[in-house]
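One-letter residues, chain by chain:
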Amino acid sequence: MECTNLFHNTNNRDFNTFEEVYKSNVYSVCSLLKKFSIKVHTIDEYKDLLETNQKLPVIENIDKDLLGCYILKETNDAKDTISGIIINEELCSQLKLSTNDKLAAIAHEIGHIICFFLENKPIDEELKADEFACKMGLSIELLGLLGKMKKAKIYDEDITKHLEWRLIAIKEYIHDFTS
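Because the structure is a prediction, the values reported are computed rather than measured. (Residues numbered from 1 in each chain as written. Predicted model: local features only at pLDDT ≥ 70, side-chain atom pairs only at ≥ 80, totals over all residues. Heavy atoms only, no water.)

Novice: Is there a simple way to think about the pairing of strand E2 (residues 38–42) in this case?
Specialist: Residues in a regular strand project their side chains so that they alternate between the two faces of the sheet. As paired elements, strand E1 (residues 7–8) and E2 share two bridges and run parallel to each other. Counted as the bridge partner of Phe7 is Ile38 from E2. Pairing of E2 with strand E4 (residues 82–87), which is carried by five bridges, proceeds in the parallel orientation. Opposite Lys39, over in E4, you have Gly84 as the bridge partner. (Pairing = 2+ DSSP bridges. Helix = DSSP H or I, 4+ residues; strand = E, 2+ residues; numbered from the N terminus.)

Shown next, in the form of structure tokens:
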């Protein structure tokens, strides 16, 4: 049985917009996602879930991420997959993210969920997740989002260097795609 919604019971406007605009593209890239819905949580909702569901993966430093995702798969059947995206509304507000920034971040997190199902795991999952956002047509938005994250100067040196590397990779992707 296929799910009719990409996201499960969300009142978040940005996730609803993403679903309206990008759902068919998401399913064309990964039809497996039709078998389950992705839950959407605030950080507090996610922390409450951790207390009631001991099997749920713990995302380290979730308070420092704009968005994060989890995947719990107990059987080999994709329909039994439990996944979610956690949004840090406070940090999104602090960085003054636009709707387009958030759409790029949502696509990036879905890219992580897709990576979970790949036979050959990518060496750098962040780049693979970025590539998915670019395939959704959100390359420019992703560049803007990563630029804001870098300019915010809230990340340590290693993360900042990785952000710079990702920015270069996305620019190369755009160049290769438009050449």
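Novice: I tried to follow the sheet that holds E4 on my own but got confused; where do I start?
Specialist: The strands making up a sheet associate through backbone hydrogen bonding, with each pair oriented either parallel or antiparallel. Strand order in the open sheet formed by four strands is E1-E2-E4-E3, with mixed pairing between adjacent strands. If you trace the sheet from one side to the other, it starts and ends with E1 and strand E3 (67–72), each paired once. Sitting on the sheet, helix H2 (residues 43–52) touches E2, E3 and E4, and the angle it makes with E2 is about 110°. (Contact = heavy atoms within 4.5 Å. Axes fitted to C-alpha atoms, helices over the stretch in contact; angles between N-to-C directions.)

Novice: What's the story with the packing of helix H5 (residues 125–135) against helix H6 (residues 139–151) in this structure? I'm lost.
Specialist: Axis angle and axis distance: for two packed helices, these are the angle between their axes and the distance between the axes, and together they describe the pair. Axis separation between H5 and H6 bottoms out at 7 Å; the angle between their running directions is 135°. Taken together, the axes of H5 and H6 are oblique relative to one another. Side by side, H5 and H6 meet where Asp130, Ala133 and Cys134 of the first sit next to Ser139, Leu142 and Leu146 of the second. (Parallel < 35°, antiparallel > 145°, perpendicular 65-115°, else oblique.)

Novice: I would appreciate a short explanation of the nonpolar core in the present structure.
Specialist: Note that soluble globular proteins tend to have their nonpolar side chains buried in a common cluster. Grouped together as the largest cluster of nonpolar side chains are 46 residues, with contacts concentrated most on Phe7, Phe18, Val26, Leu66 and Ile110. Of all the elements, helix H4 (residues 99–117) adds the most residues to this core, at nine residues. Setting aside its immediate chain neighbours within four residues, Val26 contacts Leu6, Phe18, Leu33, Ile110, Phe132 and Met136. Leu56, Ile59, Tyr70 and Ile86 belong to the second-largest nonpolar core, a separate cluster that totals seven residues. (Core = buried A, V, L, I, M, F, W, Y, C linked by side-chain atoms within 4.5 Å. Buried < 20%, exposed > 50% of the residue type's maximum accessible area, 1.4 Å probe, protein only.)

Novice: How do you make sense of unusual backbone geometry when you look at a structure like this?
Specialist: If you check the backbone angles, Asn61 has positive phi at about 55° while not being a glycine. The residue Asn61 is located in the loop between H2 and E3 in this model. Judged by its relative accessible area of 54%, Asn61 is exposed. Backbone geometry at Lys96 places phi at a positive 55°, although glycine is not the residue there. Within the fold, Lys96 resides in the loop between helix H3 (89–94) and H4. With relative accessibility at 66%, the residue Lys96 sits in the exposed group.

Novice: What exactly am I supposed to notice about the pattern of salt bridges here?
Specialist: It is possible for side chains of opposite charge to pair when their charged atoms get near one another. Per the stated rule, a full pass over the model turns up 14 salt bridges. With a shortest N-O distance of 3.1 Å, Lys47 and Asp63 are connected by a salt bridge. Of this pair, Lys47 sits in helix H2 while Asp63 is found in the loop between H2 and E3, placing the two residues 16 residues apart along the sequence. With its nearest N and O atoms 2.4 Å apart, the salt bridge here joins Lys148 to Asp101. One end of the pair, Lys148, is in helix H6; the other, Asp101, is in helix H4, and 47 residues separate them in sequence. Asp101 sits in the buried class, given a relative accessible area of 5%. It is possible to trace a salt-bridge network through shared partners that takes in Arg13, Asp14 and Lys102. (Salt bridge = Lys/Arg side-chain N within 4 Å of Asp/Glu carboxyl O.)

Novice: Please clarify how the packing of aromatic side chains should be interpreted in this entry.
Specialist: Two aromatic rings are characterised by how far apart their centres lie and by the angle between their planes. Taken as a whole and judged by the stated rule, the model has six aromatic pairs. Seen from their ring centres, Phe7 and Phe18 are 6.1 Å apart, and the 65° between their planes marks the pair as edge-to-face. Of this pair, Phe7 sits in strand E1 while Phe18 sits in helix H1 (residues 13–29), and the two are 11 residues apart along the sequence. Judged by its relative accessible area of 2%, Phe7 is buried. Ring geometry for Phe36 versus Phe117: centroids 5.8 Å apart, planes at 35°, classification tilted. In this pair, Phe36 sits in the loop between H1 and E2 while Phe117 sits in helix H4, placing the two residues 81 residues apart along the sequence. (Phe/Tyr/Trp six-rings, centres within 6.5 Å; stacked < 30°, edge-to-face > 60°.)

Note that every value here comes from positions in space, so none of it alone points to a role or purpose.
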